[in-house]
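# Structure assessment
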Amino acid sequence: MHVFLETDRLTLRAFTDADAGHVRGIVDDAEVMRYINGGRPSSPEEVEGELMPRFLHRYPCLGGRPGFWVAQDRASGGLLGWFVLRPEADHSCREVELGYRLGRTAWGRGLATEGSRALIHKGFSELGVERVTANTMTVNTRSRRVMEKAGLSFVRTFFEEWPDVIEGSELGDVEYELTRAEWAHRRES
């Protein structure tokens with residue numbers, strides 16, 4: 001098991017093919033998927049053919065490591081979901097996307113914020129990241145709050161065409177960001 005990082009309560013490790021069942025359990029929960037695809041369960045073909053290849057993809061700028069990380073409870077070893085710190089381009093880690101998808105048993109405990117802060121720190125302090133971005137639906141207030149608690153600031157509201165019409169999608173999506181300079185300045189203050 002390749003551990004990417006640990007926090008007080010989380011271990012983030014690389015995905016393996018054996019994690020597909022865990023992924024299915026998360027993406028089949030309508031409440032978890034509410035702001036992703038309107039709560040529709042993902043088919044096994046979507047998990048195996050789309051999600052798992054993305055989770056297993058290795059990025060040269062990350063030293064051949066993936067950009068998606070299984071989140072495990074440090075105390076019990078239980079699988080909680082996953083985090084994302086994925087380069088926008090395979091060969092440059094200057095700009096990365098932050099993301100998280102945790103099962104409902106992990107909600108309301110500050111784990112999304114804890115994992116996000118740790119990934120941001122690792123990105124800026126070890127991986128050469130210059131800018132972290134994150135996106136969600138405008139109406140996804142819980143995810144927006146995690147972004148803010150992790151230190152990201154609102155940049156813009158934008159509108160895209162998505163294959164699934166989701167309640168609230170008419171209000172668009174939001175982008176948040178944190179630059180290395182902003183992060184460093186806050187650490188010095």
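Located above this text is the structure these notes cover.
Below you will find a few notes about this structure.

Analysis parameters
- Residues numbered from 1 in each chain as written.
- Predicted model: local features only at pLDDT ≥ 70, side-chain atom pairs only at ≥ 80, totals over all residues.
- Heavy atoms only, no water.
- Helix = DSSP H or I, 4+ residues; strand = E, 2+ residues; numbered from the N terminus.
- Buried < 20%, exposed > 50% of the residue type's maximum accessible area, 1.4 Å probe, protein only.
- Contact = heavy atoms within 4.5 Å.
- Areas by Shrake-Rupley, 256 points an atom, 1.4 Å probe, with all protein chains shown as cover.
- Lys, Arg positive; Asp, Glu negative; His and termini not counted.
- Charge placed at Lys NZ, Arg CZ, Asp CG, Glu CD.
- Core = buried A, V, L, I, M, F, W, Y, C linked by side-chain atoms within 4.5 Å.
- Pairing = 2+ DSSP bridges.
- Axes fitted to C-alpha atoms, helices over the stretch in contact; angles between N-to-C directions.
- Salt bridge = Lys/Arg side-chain N within 4 Å of Asp/Glu carboxyl O.
- Disulfide = S-S within 2.5 Å.

### Re the overall build of the protein
For the protein, the helix and strand inventory stands at six helices and 10 strands. In terms of overall dimensions, the protein has a C-alpha envelope of 45 × 40 × 35 Å along the principal axes. For the protein, buried positions account for 49% of its 189 residues. Once local pairs closer than 6 in sequence are excluded, the contacts in the protein between residues at least 24 apart make up 62%. Accessible area for the protein stands at about 9600 Å²; split by element, carbon and sulfur atoms hold 48% of it. Taking the average place of the 25 positive charges on the side chains of the protein and the average place of its 30 negative ones, the gap between the two points comes to 6 Å.

### Examining the nonpolar core
Within soluble globular proteins, side chains that are nonpolar generally end up buried alongside one another. Ranked by internal contacts, the top residues of the largest apolar core, which has 36 residues, are F83, L98, L102, L119, I120, V132 and L152. Here the element with the most residues in this core is helix α4 (residues 111-126); it accounts for six residues. Core analysis: the second largest hydrophobic core is formed by 15 residues, V23, V27, V32 and M52 among them.

### Looking at the sheet that holds strand β7 (residues 92-102)
If you walk across this open sheet you meet the eight strands as β1-β2-β5-β6-β7-β8-β10-β9, and the pairing is mixed. With one partner strand each, in any of the chains shown, β1 (3-6) and β9 (153-158) form the two edges of the open sheet. Between one strand and the next, the sheet's axes are offset by a mean angle of 25 degrees, whatever the strand orientation. Two strands pair when backbone bridges link them, and β7 and strand β8 (residues 131-137) are joined in this way by three bridges, in the parallel orientation. Along β8, the bridge assignment pairs E97 with T133.

### What to know about the pairing of strand β2 (residues 10-14)
Most of β2 is tucked away, with five of its five residues classed as buried. As defined by bridge partners, β1 adjoins β2 across three bridges and the pair is classed as antiparallel. Within the sheet, the bridge partner assigned to E6 lies in β2 and is T11. In this structure, the hairpin formed by β1 and β2 is closed by a connection of three residues. Note: β2 against strand β5 (residues 68-73), five bridges, orientation antiparallel. Residue pairing in the sheet places R13 in a bridge with V70 of β5.

### Digging into the pattern of salt bridges
Here the structure, examined in full by the defined rule, presents 16 salt bridges. Note that R40 and E46 form a salt bridge whose closest N and O atoms lie 3.2 Å from each other. For R40, a relative accessible area of 34% corresponds to the partly exposed category. The class of E46 is partly exposed, set by a relative accessible area of 21%.

### Quick word on the state of the cysteines
Under the defined criterion, the tally for this structure stands at one disulfide. In this model C61 forms its disulfide with C93; the gap between the sulfur atoms is 2.3 Å. Linking C61 and C93, the disulfide has an S-S dihedral of approximately 85 degrees and is accordingly described as right-handed. Note that C61 is positioned in the loop between β3 (58-59) and β4 (65-66) and C93 in strand β7, a separation of 32 residues in sequence.

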